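Tertiary structure, described
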Amino acid sequence: MKKYILLFCLMAIVQLGFAGIMPSLDHSVASDSIVVEFGKSGRIVIMVESKEDFEKLKLMNINQIIRELDLEENAVTGETTIVEIKKKDGSSRQVVKVTEDGAETEVYIGNMRLLVDESGENTKVRFEPGIKRNYDPPFRTYFNFDLGINNYLEDGKFPTSDKPYAVKGWGSWNVGINWMAAQRISKGFYWDFGLGFQFYNFKFENRDYQAVRGDDSIDFIQRTDVDGFKSKIATTYLTAMTMLELDFGKMNDNGKRGVRIAAGPYAGYRLGGHSKYVYRELGGSGRQKDKEDTGLYLQNFRYGVRGELGIGRVKFFTTYDLNELFQEGKGPALNPITFGIVF
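Across the protein, the average pLDDT comes to 81, with 72% of residues at or above 70. For the stretch residues 16-29, pLDDT sits under 50, and the model shows seven contacts to residues farther than four places along the chain or on other chains.

Our focus in this paragraph is the pairing of strand S14 (residues 259-281). With 19 bridges connecting them, strand S13 (residues 226-247) and S14 associate as antiparallel partners. Counterpart to Val-226 in the pairing with S14 is Glu-281. Relative to strand S16 (residues 301-311), S14 runs antiparallel, the two sharing eleven bridges. Residue pairing for S16: Ala-267 is matched across the bridge by Tyr-303. Strand direction decides the pairing type here: S14 and strand S15 (residues 288-293), joined by six bridges, are antiparallel. By the bridge assignment for S15, Ser-275 is matched with Glu-292. What sits between the antiparallel neighbours S14 and S15 is a turn of six residues, in which Gly-283 has the positive phi angle 75°.

Quick look at the side chain of Arg-270 now. Its place among the elements puts Arg-270 in strand S14. Comment: no salt bridge for buried Arg-270; closest opposite-charge side chain is Asp-293, at 5.6 Å. The contact partners of Arg-270, leaving out residues within four places of it in the chain, are Thr-235, Thr-236, Tyr-237, Gly-295, Leu-298, Gln-299 and Asn-300.

Summarising the sheet, strand S9 (residues 173-186) and strand S10 (residues 189-203) pair through twelve bridges and their orientation is antiparallel. Bridge pairing in S10 links Gln-183 to Trp-191. Summarising the sheet, S10 and S13 pair through 15 bridges and their orientation is antiparallel. Paired with Phe-193 across the strands is Thr-242, a residue of S13.

On to the packing of aromatic side chains. The tally for this structure, following the rule as stated, stands at ten aromatic pairs. Where Tyr-200 meets Phe-202, the ring centres are 6.0 Å apart and the plane angle is 10°; that geometry is what we call stacked. Here Phe-204 and Phe-220 contribute two aromatic rings whose centre-to-centre distance is 5.7 Å and whose plane-to-plane angle is 70°, an arrangement assigned as edge-to-face. Remark: Phe-220 occurs in strand S12 (residues 218-222) and Phe-204 occurs in the loop between S10 and strand S11 (209-213); sequence separation between them is 16 residues. For the pair formed by Phe-204 and Phe-220, the shared burial category is buried. Aromatic ring contacts, followed pair by pair, group Tyr-152, Tyr-200, Phe-202 and Tyr-237 into a single cluster. Here the guanidinium or amino end of Arg-223 rests over the ring plane of Tyr-279, the centre of that ring lying 5.3 Å away. Cation over ring: Arg-302 sits above Tyr-237, and NZ or CZ is 4.9 Å from the ring centre.

This part takes up the environment of Gly-148. Here Gly-148 shows up in strand S8 (residues 139-153). Gly-148 sits in the buried class, given a relative accessible area of 3%. Residues Gly-148 and Phe-317, spaced 169 residues apart in sequence, show a C-alpha to C-alpha distance of 8.3 Å. If near-sequence neighbours (up to four positions away) are discounted, Gly-148 is found in contact with Ser-172, Trp-173, Asn-174, Phe-317, Thr-338, Phe-339 and Gly-340.

For Gly-194, the location among the structural elements is in strand S10. Take Gly-194: its relative accessible area is 10%, and that puts it in the buried class. Sequence separation between Gly-194 and Tyr-142 is 52 residues; the distance between their C-alpha atoms is 9.4 Å. In this structure, Gly-194 is in contact with Trp-179, Met-180, Thr-239, Ala-240 and Met-241, ignoring residues within four places of it in sequence.

A few words on the pattern of salt bridges. Evaluated as defined, the whole model comprises nine salt bridges. For the salt bridge of Asp-321 with Arg-302, the shortest nitrogen-to-oxygen distance reads 3.0 Å. In this pair, Asp-321 sits in strand S17 (residues 314-321) while Arg-302 sits in strand S16, placing the two residues 19 residues apart along the sequence. The residues Asp-321 and Arg-302 share a single accessibility class, namely buried. Put simply, Glu-308 and Lys-315 hold a salt bridge, and the shortest N to O gap is 3.6 Å. By the burial criterion, Glu-308 is buried, and Lys-315 matches it. The network of salt bridges with common partners includes Asp-146, Arg-306, Glu-308 and Lys-315.

Attention now moves to the nonpolar core. Among the nonpolar cores identified, the biggest contains 17 residues, and Tyr-152, Phe-204, Ile-218, Phe-220, Leu-325 and Phe-326 are the most heavily contacted of them. Elements with a minimum of two residues in this core: S10, S11, S12 and S13. In terms of nonpolar packing, the next biggest core, distinct from the first, is built from seven residues, Met-180, Ala-182, Met-241 and Ala-262 among them.

So, how was this worked out
- Residues numbered from 1 in each chain as written.
- Predicted model: local features only at pLDDT ≥ 70, side-chain atom pairs only at ≥ 80, totals over all residues.
- Heavy atoms only, no water.
- pLDDT = per-residue confidence, 0-100.
- Contact = heavy atoms within 4.5 Å.
- Pairing = 2+ DSSP bridges.
- Helix = DSSP H or I, 4+ residues; strand = E, 2+ residues; numbered from the N terminus.
- Buried < 20%, exposed > 50% of the residue type's maximum accessible area, 1.4 Å probe, protein only.
- Lys, Arg positive; Asp, Glu negative; His and termini not counted.
- Salt bridge = Lys/Arg side-chain N within 4 Å of Asp/Glu carboxyl O.
- Phe/Tyr/Trp six-rings, centres within 6.5 Å; stacked < 30°, edge-to-face > 60°.
- Lys NZ or Arg CZ within 6 Å of the ring centre and 35° of its normal.
- Core = buried A, V, L, I, M, F, W, Y, C linked by side-chain atoms within 4.5 Å.

See the structure below:
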């Protein structure tokens, strides 16, 4: 019964909302149309394009026509389309849509929204004109950009400053460029996957140490013969990732104003790796630079877990490699970890 009451309310709202832009109709109609009037302003216009269709129409009754309005509800979204405009190209545009969630009913009419709340003793009705409904496509692709700070864990702890490979936070950048896709599983629940390039820089806190390639491992040599300015290891990976995401804003129809969380695994293949040492000769002027290939002792594959936290329009991320940066026995046992922001 509530659906039919809402339907007549919608007819009144549509008439009030669109009366100013719709041309007035008189009682003269085309020869291939039938007009049924009821009440003071109600009117149903039936267009018939052929004699065969007219013969089929005569076999129908008004109760059957009313039953056609009782459309089935979408089992996933809880939405029922009442009015839909069919275009010549086969596409359609929904004009009136009803969503029922227990004692609450939400009705969209164009860009207007009608809310009916029957959860209390009294029924509450709220009409909100000019509401823009965000469209959430079932599948979409996009690019994003990661900017973070790198470090690594040794036996579950950050290396202390007395270690030659201890990382300096500012300057140990992680930059990622990712192509992503999102498949909607249900309202507010998504499967995200993508492919990207990650550029890692591990800038040493002690700039007097240089990472060099030894005979069977990477060595950290203290340079007392020069004045060091910068020392680091850099490496690049091609990385594939997949995550499951919960968007509480979409679940509550708040758009991007809600909290979003996502987590999942990733795997990458190393494209390159080198060490870089910038220094100046003792008593001299001008900087010099040594660059050495250290990829021989870096892991070719990396794998780990990634987590994301979105608050409003800001999204943070963290990654943790489950395997070590260097090959076993070729360097210290370090597991890279990154914290940053997604653009």
